[in-house]
Amino acid sequence: MIRASLTAVFLVLLLSCACWAKPNGSKNKKPKQVVPAIECDVRAGKINVSEFIVKCPAHCKETKQQVYGTGVFASISSICNAAIHSGVITNSGGKVIVRKMAGQNIYKGSNSNGVRSLSLPKWRESFTVSVGKPKKGVNYPSTLDYVPSRPTYVKTSQKEDKSVTTALPATAAPEPTTVTPEPTTTTTTTTAAPTTTIPPPPPSTTRARAAAHKVRDAGSSHPYLAHVAASRQSQSGHGKSPSQVFRGSSYPSRFPQRASAGLRRPEAGSAIRRQPSSPVGPVFNRVQPAQPERTPTMSQSNPAPRSTDSDGSHKVPLDTTHTKVEPVDAWKPEANLYESGFSMREQDPVPRVPEPVSQGDPNCKVDLAFLMDGSWSIGKRRFKIQKDFLAEVAQTINVGVAGPMMGIIQYGDDPVTEISLKSYSNSRELKSAVDKIMQKGGLSNVGKALSYINKQYFSDANGNRGGAPNVAVVLVDGWPTDKVEEASRLARESGINIFFVTIEGPDDNEKQNLVEVNFVDKAVCRTNGFYSLPVNSWFALRKAVQPLVKRVCDTDRLVCSKTCLNANDIAFVIDGSSSVGTGNFRTVLQFVANVTREFEISDTDTRVGAVQYTYEQRLEFAFGQYNNKGELLNAIKRINYWSGGTSTGAAITYAAEQLFSKSKPNKRKIMIVITDGRSYDDVRAPALAVHRQGVIAYSIGIAWAAQDELEYIATDPDKEHSFFVDEFDNLYKFVPKIIHNICQEFNSQPRN
């Protein structure tokens, strides 16, 4: 018994010691840091703490929440995407420490870790991110204090019930019962709290706050310009209709409400139909509003929107259950027109004068197409800046049928025509159309867009005039997402002058992200700097209007309008000797006509002349004598066969004197000599003389022509410029080969 008692006492003492020791031991343990989780769209400026730790979810990169700055970010930026951009976390999420600091005057955009940050000229607050490993001795808050989200542009009395002033969730509808403006005063009256039967909204959470913030910022993706617009609109936001207030957009609704939304329409047959030009205002509706007491039932079942008068004053929404309406549109014999709200002018509306067709600036006659960037990378605000730029270009360039005609293609994943070249013939209508363009989104596939303008846009159906140079101006944010070299080459060879306006192009660190290195030089018409216009910032784009307009209107320097088919002086030197014969001579003329048919013929395009020779020479027609292709082909058919000997050397000299001496300096000089036998005179010296004058000579021998003479006549390399056929009937086979060689030489010229 004594041993059992001692054992019990010992156990009691042991348990007591253990209980006493436990509190002392717990003092040495550090409390575990609770890390609050946030969503991808939470911005640093929404959290009212100077330094805190958060946990980001996975896949924030795909949400494309915007980031402004590099290293130091504007507080309008997404915390999680800023952390990914800085390399603090990956796209799988993680912990991030955020430390706020004062705002900066400039935030530089960059592309890092798959996140594109944008530039920003100024913001009121900044922050940095670091790896989410808590510092020793620093306790971060386990819950986050969010800045209260206020419904945009809604002013409420400070005496309102708390349930009314709580930030609305993203899906909440506006409460028309909280504010009731009087018809003739600017004071506001608030419904008493006890009479309101609307249940209070649920407590706001982190997700609800972020959603409410989105509602406010919708419609202005660039924070700097958005907060300027918001500050302006907050002065007049008191009178906005609910459809405008809770969208958060600075633009008016596409479907505006009628000013007399609360009125009952008069009975059919009892009213005179109002003319379309008559204004809608208080003078046309004599209303005697009663003064009913507002009840909870009225507030819930009849939330009438506020109506806005034509002069900008705000009226009480009319409730037809308590409003006496006189249908003054019903005509009465004794009624006075002025008392009833009608006027004599209303019944005789002035007919609209049709918009005169503008002639435009004749010194800038170009067919101008802008390729505007509609990709998601630029955001809505920068897209609006781009549209403002195009509208200002349209105004400056003076669009008209005798001057420049302007069209717009928007590109993203695929190009789409927004405005064709023939859509608008004056700048005013064109500016209005530009303002209505909506962003397409997608990638920046410039190569696809260049192929589109080459194959489809510059066509007769879209208004291509033919006599005006084709100019394409590519606006690109950063760099393209596809290759442009091949599409640009084909467009240049078609006569399209390509300009590039690159906004916020890649710096040295970002060039590794390019799909194609030196994409601008590979795309533009010439690499001498005339066709490329780099812009450092979207905010400086407006400064590029005047320099760009000056360049596209300088038609003398639009050298890519000159193609292998429209920039030549071609002289045919035709053998009319007796060995040819009348029938074969007709075959030779058909060959000449087939070659001519491939070129664009006019006084400013390709010109054609012809010389026939035997012992003597005869000028059949000179350069520019026939500036129409049809007339020129008829002139070729009318050439009469001469017959005689063969003096090819003298004929070459004669062509140089009679034709190439009068060639234009901007034309390529091409001579095509056709002979069927050996010459009676020397061909080496005359051929060498025309080569030195810059003439590109082709020789075509038939039947008994001497191969050595053909090689002397032809420009080096001989194989590319000298041809031989056994029979006259096979001449047609060399038409494609000659055209191909002429164009290949033209397009291989240096582009500097």
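Thresholds, definitions, all that
Residues numbered from 1 in each chain as written. Predicted model: local features only at pLDDT ≥ 70, side-chain atom pairs only at ≥ 80, totals over all residues. Heavy atoms only, no water. UniProt positions renumbered as here; feature names shortened; annotations may be inferred. Helix = DSSP H or I, 4+ residues; strand = E, 2+ residues; numbered from the N terminus. Buried < 20%, exposed > 50% of the residue type's maximum accessible area, 1.4 Å probe, protein only. Areas by Shrake-Rupley, 256 points an atom, 1.4 Å probe, with all protein chains shown as cover. Axes fitted to C-alpha atoms, helices over the stretch in contact; angles between N-to-C directions. Parallel < 35°, antiparallel > 145°, perpendicular 65-115°, else oblique. Left-handed = near helix turned anticlockwise from the far one by under 90°. Contact = heavy atoms within 4.5 Å. Nonpolar A, V, L, I, M, F, W, Y, C, P; charged D, E, K, R; others polar. Expected span 1.5 Å × (residues − 1). Polar contact = N/O pair within 3.5 Å; in protein donor to acceptor, adjacent residues only side chain to side chain. Core = buried A, V, L, I, M, F, W, Y, C linked by side-chain atoms within 4.5 Å. Pairing = 2+ DSSP bridges. Right-handed = clockwise from strand over helix to strand, strands pointing away. Disulfide = S-S within 2.5 Å. Salt bridge = Lys/Arg side-chain N within 4 Å of Asp/Glu carboxyl O.

Looking up the protein in an unreviewed UniProt entry gives the name Vitrin, with the organism given as Amphiprion ocellaris. Regarding the protein, the relevant UniProt record gives this comment under Subunit (unreviewed entry): "Binds dermatan sulfate and chondroitin sulfate." Per its UniProt entry, the protein bears the Function (unreviewed entry) comment "Promotes matrix assembly and cell adhesiveness. Plays a role in spinal cord formation by regulating the proliferation and differentiation of neural stem cells."

Draft legend 1. Just the overall build of the protein, in detail. Helix and strand counts for the protein stand at 22 helices and 25 strands. Residue burial in the protein is summarised as follows: out of 752 residues, 44% are buried. For the protein, the accessible area works out to roughly 39,900 Å², and carbon and sulfur atoms hold 53% of it.

Draft legend 2. Just the packing of helix H16 (residues 582–597) against helix H17 (residues 629–637), in detail. Between H16 and H17, whose axes approach to 9 Å, the crossing angle comes to 165°. What the angle tells us is that H16 and H17 run roughly antiparallel. Note on packing geometry: the crossing formed by H16 with H17 is right-handed. Of H17, the residues touching H16 (which contributes Arg586, Leu589, Val592, Ala593, Thr596 and Arg597) are Lys629, Leu632, Leu633, Ile636 and Lys637. Here the contact of H16 with H17 is built from residues that sort into six nonpolar, one polar and four charged.

Draft legend 3. Here's a closer look at helix H22 (residues 735–747). With 13 residues, H22 should cover 18 Å at 1.5 Å per step; its first-to-last C-alpha distance of 19 Å lies within 8% of that length. If you follow the buried residues of H22, they end up packed against H16, strand S23 (668–675), strand S24 (696–702), helix H21 (718–721) and strand S25 (722–725).

Draft legend 4. Representation of the side chain of Glu504. Along the polypeptide, Glu504 turns up in the loop between strand S18 (496–503) and helix H14 (519–523). Look at Glu504 and you get buried, because its relative accessible area is 10%. Within polar-contact distance, the side chain of Glu504 engages the side chain of Ser119 at 2.7 Å.

Draft legend 5. Examining the nonpolar core more closely. Core analysis: the biggest nonpolar cluster contains 70 residues, and Phe370, Phe389, Ile453 and Phe500 have the highest contact counts within it. At seven residues, helix H10 (residues 379–397) tops the list of elements feeding residues into this core. For Ile453, the contacting residues outside a window of four places in its chain are Leu371, Ile409, Phe458, Ala472 and Ile496. Ile570, Phe585, Phe599 and Ala635 belong to the second-largest nonpolar core, a separate cluster that totals 42 residues.

Draft legend 6. Spatial organisation of the environment of Tyr107. When you line up the elements, Tyr107 lands in the loop between strand S4 (94–102) and strand S5 (110–112). A residue is classified by how much of its surface remains accessible, and Tyr107, at 2% relative accessible area, is buried. Residues Tyr107 and Thr70 lie 37 residues apart in sequence; the distance between their C-alpha atoms is 6.9 Å. With residues up to four places along the chain from it excluded, the contact list for Tyr107 reads Tyr68, Gly69, Val72, Phe73, Ala74, Leu118, Ser119, Leu120, Lys122, Trp123, Glu125 and Ser126. Of the polar contacts made by the side chain of Tyr107, one reaches the side chain of Ser126; its length is 2.5 Å.

Draft legend 7. Region of the structure containing the sheet that holds strand S3 (residues 72–74). Strand order in the open sheet formed by five strands is S1-S4-S7-S3-S2, with antiparallel pairing between adjacent strands. Two strands close off the open sheet at either side, each with one partner strand: strand S1 (51–56) and strand S2 (69–70). As paired elements, S4 and strand S7 (residues 125–131) share seven bridges and run antiparallel to each other. Directly across from Ala102, in S7, lies its bridge partner Glu125.

Draft legend 8. Structural view of the pairing of S24. In terms of burial, S24 is a largely internal element, seven of the seven residues being buried. Residues Ile696, Tyr698, Ile700 and Ile702 of S24 are buried on one face, and the alternating residues Ala697, Ser699 and Gly701, pointing to the opposite face, are buried as well. Direction of pairing for S23 relative to S24: parallel, over a ladder of six bridges. Looking at the pairing, Val673 lines up with Ser699 of S24. For the crossover that starts at S23, traverses helix H19 (residues 684–692) and ends in the parallel S24, the hand is right-handed. Relative to S25, S24 is paired through four bridges, and the arrangement is parallel. Directly across from Ile702, in S25, lies its bridge partner Val725.

Draft legend 9. Examining the environment of Asp569 more closely. Relative to the helices and strands, Asp569 is located in strand S20 (residues 568–575). Note on Asp569: relative accessible area 0%, which makes it buried. In this structure, the C-alpha to C-alpha distance between Asp569 and Arg668, residues 99 residues apart in sequence, is 6.0 Å. When sequence neighbours within four positions are dropped, the list of residues in contact with Asp569 reads Arg607, Phe623, Phe660, Ser663, Lys664, Lys667, Arg668, Lys669 and Ile670. Looking at Asp569, its side chain comes within polar contact range of the side chain of Arg607, at 3.0 Å. Within the local environment of Asp569, its side chain forms a polar contact with the side chain of Ser663, the two groups lying 2.5 Å apart.

Draft legend 10. Main features of the state of the cysteines. In the structure shown here, the tally under the stated rule is five disulfides. What pairs with Cys40 in a disulfide is Cys60, and their sulfur atoms sit 2.1 Å apart. Around the S-S axis, the bridge from Cys40 to Cys60 shows a dihedral of about -80° and counts as left-handed. Of this pair, Cys40 sits in the loop between helix H1 (2–26) and S1 while Cys60 sits in the loop between S1 and S2; the two residues are 20 residues apart in sequence, bridging distant segments of the chain. For Cys364, the disulfide goes to Cys553, at an S-S distance of 1.9 Å. Looking along the S-S bond of the Cys364-Cys553 disulfide, the torsion reads about -70°, which is the left-handed sense. Note that Cys364 is positioned in the loop between helix H9 (344–347) and strand S14 (367–373) and Cys553 in the loop between helix H15 (545–552) and S20, a separation of 189 residues in sequence. Each member of the pair, Cys364 as well as Cys553, carries the same accessibility label: buried. When the bonded cysteines of the protein are counted from the start of the sequence, the pairing works out to 1-3, 2-4, 5-7, 6-8, 9-10.

Draft legend 11. Broad picture of the sheet that holds S20. Overall, mixed pairing links the six strands, which are arranged S22-S21-S20-S23-S24-S25 in an open sheet. Each edge of the open sheet is held by one strand with a lone partner, namely strand S22 (617–621) and S25. The sheet shows a mean angle of 20° between the axes of neighbouring strands, taken without regard to direction. Packed onto the sheet, H22 meets S23, S24 and S25 and runs at close to 165° relative to S24.

Draft legend 12. How the structure looks around the pattern of salt bridges. Enumeration according to the criterion identifies 15 salt bridges in this entry. Residue Asp367 is joined to Arg465 by a salt bridge in which the shortest nitrogen-to-oxygen separation is 2.8 Å. A residue pair is termed long-range when its members are at least 10 positions apart, and Asp367 in strand S14 and Arg465 in the loop between helix H12 (446–457) and strand S17 (470–477) qualify at 98 residues. Taking the relative accessible area as the measure of exposure, Asp367 reaches 0% and is therefore buried. The exposure class of Arg465 is partly exposed, given its relative accessible area of 28%.

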